[in-house]
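Survey of secondary and tertiary structure
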Amino acid sequence: MNLNPKSAKMLDYFASQMVKVSKPGIFWLAIATVFIIGGFYALIVQIVEGHIVTGMRDNVVWGIFIANFIFFIGISYAGALISGILHLLRVEWRTPIIRIAEIITVISTLIGPAYILLCMGRLDRLHHLALFGRIQSPIIWDVMAITTYLIGSIIFLYLASIRDLAALRDYPFKSKWRNKIYTILAIGFNGTPKQNRYLDRSLDIMSAIIIPLAILVHSVLAWIFGMTLRPGWHSTIFAPYFVVAAVFSGTGVLIIALWIFRKYYKLESYITKIHFNYLGIILMILGALYAYFTFSEYLTSWYGSETWEMEVLYKLFNPNEYWWWFFFAAIIGVVLPIIVILIPKFRNINSITAVSVIAVLALWVKRYLIIIPTLEAPLLPLQDMRPEYIHYTPTIIEWLLTFAGVALFCVLFFLFSKFMPILPVVKADEGNYAELRKTVLKRIVKEKMKETEIKESEKMKDL
Amino acid sequence: MKNLCKHILILGLIILFGMGNVFAQKAKKKTTRVGVAYFKSDTKIETLVATLRVKEKRYIPLNDAVLTFYSVSDTLKVLLAKIRTDENGQAIFALANNSKIAKDSTGLMAFVVEYEGNSLLKDAKRKITVKQAGLEVSFFQKDTIKFIEIEAKTADPNTQAAPINNLKIKLYIKGTFSLLNFANEKTDKNGIVRVEFPIDMPGDTLGVLTIVAKIEEDDVYGTVESRGEINWGIPVPLVKEKQRGLGDTDAPLWMVYTLITLLSAVWFHYLYVIFMIIKIKLAKL
Amino acid sequence: MEKGKNKQSRRKFISKTVPAALGAIGGVGLVAQSCNTTEEEEKVSLLTPDGQLVEVNKSSMQPVSPAEARKGIPGKQFVMVIDLSRCKNARKCVTKCQKMHDLPPEDEWIKVFLMQDSSDTAPYWFPKPCFHCNQPPCVKVCPVGATYKRTDGLVLVDNERCIGCKFCMTACPYSSRVFQWKEPKETNFADREYSPETSTPHKVGTVGKCDFCPDMIRQGKLPDCVSGCPNGVIFFGNKKEDIVSNGTESFRFSELIHDRAGYHFMAELGTEPNVYYLPPVDRLFDYEKGFNNLTDEQVEFYKKSIVKKH
């Protein structure tokens, strides 16, 4: 069992990429930092002034914070479901996308719940959840499910990274702190048959358990809305609807991330058109499924024409209210990806990525449209003279925090790519690290010798 | 000539309006009104409740004003108390067998409540005469029918109690916030009223009901009240307190079991995987 | 002749003042002479709503602690009956409630809606407090038990436990809940000790709502919206006694509901409210009377929002 020279070459490439930041990288990092600072400012304003600085009022008590929350938990599906299923099915082409998917999961599961916290009136009483928690409340289900899911995702990501961490441990970085961290994290993994067996078993278990868990997390999220007696929310298909929407958006974000890293790290030879095509087809199928759920949901409530359901539908189909947003979110954002991916002539890396962007944006808008119109249509008439109590408009504070979340997502992703190779380097069936160490050391010795040779020749010239 | 007429007219008008203003100045002193009512409670506490009102658009209570209570007879006017009105414009004076209160030979008491007025408010006063009366509530059963009996008597401590006939008695059941009227009768020549007991009323856990008999706003006797308790109502049991449900403190058991099963299933796998990681660490070369 | 006139005016006076006197003599406005102290515990004499002078421990008049406020008053089940045929949008219930609970004018715990069930039916004014449901959706979803159902039927909020997640606000189908979006303005009750029974002083970032004035109830007094209503629209009482009162009139609850066809608003939601409505038949006022105190802008707004067009 020898180390694949291809892996060694790849490790070498990533290791050199990891220790430097390119100029466009710095540029984008700076922009993201500005957004994060903006979000930080908004956060302080909100804490000092109270929730009055948001657009939320007594009828629309949940605004874009909750939309962002569902959105981020949604895209976390990329890692959980896609990498879980692909791993279990031993799909051949999964290797280059699996790490990216898992990172998306962990980062978005970290950022998503932050929006719930932003929506809470008394953050200082967060510990009351532990002190007085009632398990009848879907919020408690959510707290438990998301915590479990986050921990599971981290374990999954860690397990899938052990081989690479071991390889990195043995790679001679210039700065010693990296090697120290890698040594701790690699927990002495050396690719012995026993260790490989343990690791593979753990990976199988985690990928199997993460799938039902992910479904449960998003179902619970849907039930927060489904358990209330509100038109547009109180629907039995809400849980599967949310799950499908989540995987749909997760796949979209995965495609976008693949495209960006492919460009930035020049991974054209690893991430190929095949990956985009396969993921595109998954996206298309999920899109069709999502369209089916959407159609079923709105057809049912329209056909029944219950007063309150009609109230919400009226808002969604009224050109002066949400029609154009609904048109984009439920029709353009679904039909366009399906058409572009379905017709082979349109199908290429850039077009698939472009429709993914549209699908992801559409899904964000859809989350907005799930929350706001329903809250703007209470069962009793909205007889309030204050316009902000009738119609919700997100304030600058809410937008700043939203963009800060997206920026934070990108920055964390970027930082992670500086800590670990963005693609798995060491394959499961290899891992003779002694061998790897030897080849690397040989190369380094060669380089050093070359350097000294050059220096000496220069000295000779000077003389 | 025509011009002169016009001037005189204008002058007249000015004078008229000017006078009007002067009258208006005088009329600005607002009218006040004092009202007095006599109450005798079940605990035999006698009070005079005086209310002071001032006329704005309508009469509204005036608070923090001093009302003076006098006991009056044909010849005397004795000061009893000076009491400030509360935020409802009320001042309450408890009689409490005050020796200063004068009575005539028939046991009639007369009181005057006065408000002095000030630069903005007119003065006002009200006289009230009261004879002391007492009510006695008792219950009895004849065959299967249950009755309430009320006896009305004069209650002047200085004279013998005499039955009061032809007196309107109102009967109530006591509620938490109010009294529910169920019968109004006049006393017979012995001063007695008999009424059938309302047996379909829910009582407390033992079926106890409080019956309130009242002489209300009588010209002679004022308001007099007396109470009696009896367990002839329908007993209402207390609801069981501890329950398990969505709205209760404790969750339904199936929910607890499902949650524990799900969580432990997942966390068992986590722990197993962590155990594996430890094994990997131990298995290093 | 003279006597007769006198008699009449006195009657009139009593009938006007007595309800006020009975309902309103509280611990605060007591006369000095009716207070007395004993060695064990300080006692205060009170005139009860039904005219009884009683002595109570002064401590029982203090707002109860949050723990005590979870228990409920034994043997009670509070109900409200709102007679829609008497309401003309005088809005006294709203303002009295705001005064009682130290609310700013824009926060309404009891709201008066102008309702019209469909375009051909008659509009009517609809005062709506919290329904204190027996199956309260808000209590079900509260993650920390900050809002809870008591044995006496009340649904209260403990603002010292509430985490401000607002889930109860979305769960309540009757829009009964109000959020404290900012630090409350200057208040008269700032030095008061907080109790879920008084709901004051308000806490920023938590949820408030109509509480049926349990502090008043404990003193045997009707909630302020009930006693404040000039038209006697709102009846309140203990369902277990089967008596409801609006301060001047008392009825048997079961008879009132039976004879006047009392109903639950949106009974189909299965929330089992403790607030009943009497339909707006044989009305005392034309509904347009309710526009009298409003600005043209408000009238216009009401008329526009009354029936939803589809």
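Preceding block: the structure.
The rules behind each value
- Residues numbered from 1 in each chain as written.
- Chains lettered and ligands numbered in written order.
- Predicted model: local features only at pLDDT ≥ 70, side-chain atom pairs only at ≥ 80, totals over all residues.
- Heavy atoms only, no water.
- Helix = DSSP H or I, 4+ residues; strand = E, 2+ residues; numbered from the N terminus.
- Buried < 20%, exposed > 50% of the residue type's maximum accessible area, 1.4 Å probe, protein only.
- Contact = heavy atoms within 4.5 Å.
- Areas by Shrake-Rupley, 256 points an atom, 1.4 Å probe, with all protein chains shown as cover.
- Buried area = accessible area lost by both parts, 1.4 Å probe.
- Salt bridge = Lys/Arg side-chain N within 4 Å of Asp/Glu carboxyl O.
- Polar contact = N/O pair within 3.5 Å; in protein donor to acceptor, adjacent residues only side chain to side chain.
- Patch = residues over 30% accessible without salt bridge, like charges linked within 9 Å, V, L, I, M, F, W, Y side chains within 5 Å.
- Core = buried A, V, L, I, M, F, W, Y, C linked by side-chain atoms within 4.5 Å.
- Phe/Tyr/Trp six-rings, centres within 6.5 Å; stacked < 30°, edge-to-face > 60°.
- Lys NZ or Arg CZ within 6 Å of the ring centre and 35° of its normal.
- Pairing = 2+ DSSP bridges.
- Expected span 1.5 Å × (residues − 1).
- Lys, Arg positive; Asp, Glu negative; His and termini not counted.
- Charge placed at Lys NZ, Arg CZ, Asp CG, Glu CD.
- Disulfide = S-S within 2.5 Å.

1. Looking at the overall build of chain A
A tally of helices and strands in chain A yields 17 helices and zero strands. The 463 residues of chain A split such that 58% are buried. A separation of at least 24 residues holds for 82% of the contacts in chain A among residues at least 6 apart in sequence. If you sum the accessible surface of chain A, you get close to 20000 Å²; carbon and sulfur atoms cover 71% of it.

2. Looking at the interface of chain C and chain A
Across the boundary between the two partners, chain C contributes 55 residues, which contact 47 residues of chain A. Buried area between chain C and chain A, summed over both chains or domains, comes out near 4100 Å², and the portion from carbon and sulfur atoms is 64%. For the pair chain C and chain A, the number of links is zero salt bridges. Counting across the chain C and chain A interface gives 22 residue pairs in polar contact (both at pLDDT 80 or more).

3. Some words on the side chain of Ser-85 of chain C
Residue and element names in this part refer to chain C. Within the element layout of this structure, Ser-85 appears in the loop between β4 (78-83) and α2 (92-100). Taking the relative accessible area as the measure of exposure, Ser-85 reaches 4% and is therefore buried. Here Asp-83 takes part through its side chain, which lies 2.6 Å from a polar atom of the side chain of Ser-85. A polar contact is formed between the side chain of Ser-85 and the side chain of Arg-260, at a distance of 3.2 Å. Beyond its immediate sequence surroundings of up to four residues, Ser-85 is in contact with Arg-260, Leu-278, Pro-279, Pro-280, Val-281, Asp-282, Arg-283, Leu-284 and Phe-285.

4. Observations regarding unusual backbone geometry
Residues and elements named next belong to chain C. A cis geometry characterises the amide bond from Thr-200 onward to Pro-201, with omega recorded as -10 degrees. Here Pro-201 is to be found in the loop between β9 (177-179) and β10 (207-209). The phi dihedral of Phe-212 falls on the positive side, at around 60 degrees, and the residue is not glycine. Tracing the sequence through the fold places Phe-212 in the loop between β10 and α5 (214-218). One non-glycine residue, Cys-213, adopts positive backbone phi at about 45 degrees. One can find Cys-213 in the loop between β10 and α5. Taking relative accessible area as the criterion, Cys-213 reaches 5% and is therefore assigned buried.

5. Re a nonpolar patch on the surface
Residue and element names in this part refer to chain A. Residues Phe-27, Trp-28, Ile-31, Phe-35, Trp-399 and Phe-403 make up a contiguous nonpolar surface patch of roughly 610 Å² in combined accessible area. Looking at the nonpolar patch, the elements that each hand over two or more residues are α2 (23-49) and α16 (396-419). In terms of residue count, α2 provides more of the nonpolar patch than any other element does, four residues in total. Locating Trp-28 in the fold gives a position in helix α2. Overall, Trp-28 belongs to the exposed group, its relative accessible area being 56%.

6. Here we look at the nonpolar core
In this structure, Trp-62, Ile-100, Phe-225, Ile-371, Phe-413 and Ile-422 of chain A are the most contacted members of the largest nonpolar core, which totals 175 residues. A total of 17 residues in this core trace back to one element, the largest contributor, which is helix α10 (residues 238-264) of chain A. Ile-110, Leu-156, Phe-265 and Val-275 of chain C belong to the second-largest nonpolar core, a separate cluster that totals 55 residues.

7. Quick word on the packing of aromatic side chains
Any pair of aromatic rings gets described here by the distance separating the centres and the angle formed by the planes. Applying the stated rule across the entire model yields 65 aromatic pairs over all chains. With a centroid separation of 6.3 Å and 65 degrees between ring planes, the pair formed by Phe-238 of chain A and Tyr-241 of chain A is classed as edge-to-face. With Phe-238 of chain A and Tyr-241 of chain A both in helix α10, this residue pair falls three residues apart, about one helical turn. Assessed through its relative accessible area of 2%, Phe-238 of chain A is described here as buried. Overall, Tyr-241 of chain A belongs to the buried group, its relative accessible area being 2%. Each member of the aromatic cluster is reached from another via a ring pair, and the members are Trp-62, Phe-225, Trp-233, Phe-238, Tyr-241, Phe-242, Phe-248, Tyr-290, Tyr-292 and Phe-293 of chain A together with Phe-167 of chain C. Here the guanidinium or amino end of Arg-197 of chain A rests over the ring plane of Tyr-198 of chain A, the centre of that ring lying 5.9 Å away. Over the face of the ring belonging to Tyr-59 of chain B we find Arg-33 of chain B, whose NZ or CZ atom lies 4.0 Å from the ring centre.

8. Topic: the pairing of strand β2 (residues 46-55) of chain B
Residues and elements named next belong to chain B. The element β2 is extensively covered by neighbouring structure, given that nine of its ten residues are classed as buried. Bridging between strand β1 (residues 32-40) and β2 involves nine bridges; their strand directions are antiparallel. Each residue of the ladder has a partner; that of Thr-32, found in β2, is Val-54. Turn length for the β1-β2 hairpin, with the two strands adjacent in sequence and antiparallel, is five residues, and the turn residue Lys-44 shows positive phi of about 65 degrees. Pairing of β2 with strand β6 (residues 90-94) involves five bridges; the strand directions are antiparallel. Bridge assignment links Thr-51 to a residue of β6, and that residue is Gln-90. With three bridges joining them, β2 and strand β3 (residues 59-61) adopt antiparallel strand pairing.

9. Details of helix α5 (residues 95-119) of chain A
An ideal rise of 1.5 Å per residue puts 36 Å on 25 residues; α5 of chain A measures up with 38 Å between its terminal C-alpha atoms. Counting buried positions along α5 of chain A yields 19 of 25 residues, so the element is predominantly enclosed.

10. Regarding a positive patch on the surface
On the surface, a cluster of positive charge is contributed by Arg-58 of chain B together with Lys-92, Lys-96 and Lys-99 of chain C. Within the secondary structure layout, Lys-96 of chain C lies in helix α2.

11. Quick word on the state of the cysteines
All names here are of chain C. One pass over the full model with this rule turns up zero disulfides over all chains. No disulfide involves Cys-168; its sulfur sits 6.2 Å from that of Cys-162, the nearest cysteine. Cys-225 takes part in no disulfide bond, and the closest cysteine sulfur to it belongs to Cys-213, at a distance of 6.1 Å.

12. Description of the pattern of salt bridges
Under the definition given, this model contains 29 salt bridges over all chains. Close ionic contact of Glu-114 of chain B with Lys-77 of chain B constitutes a salt bridge, the shortest N to O distance being 2.5 Å. Residue Glu-114 of chain B is found in strand β7 (residues 108-115), and its partner Lys-77 of chain B is found in strand β5 (residues 77-84); the two are separated by 37 residues along the sequence. Note on Glu-114 of chain B: relative accessible area 17%, which makes it buried. Notably, a salt bridge pairs Glu-68 of chain C with Lys-71 of chain C, separated by 3.5 Å at the nearest N-O pair. Take Glu-68 of chain C: its relative accessible area is 35%, and that puts it in the partly exposed class. Via salt bridges that share partners, Lys-170, Lys-214, Glu-216, Glu-225 and Arg-227 of chain B belong to a single interconnected network.

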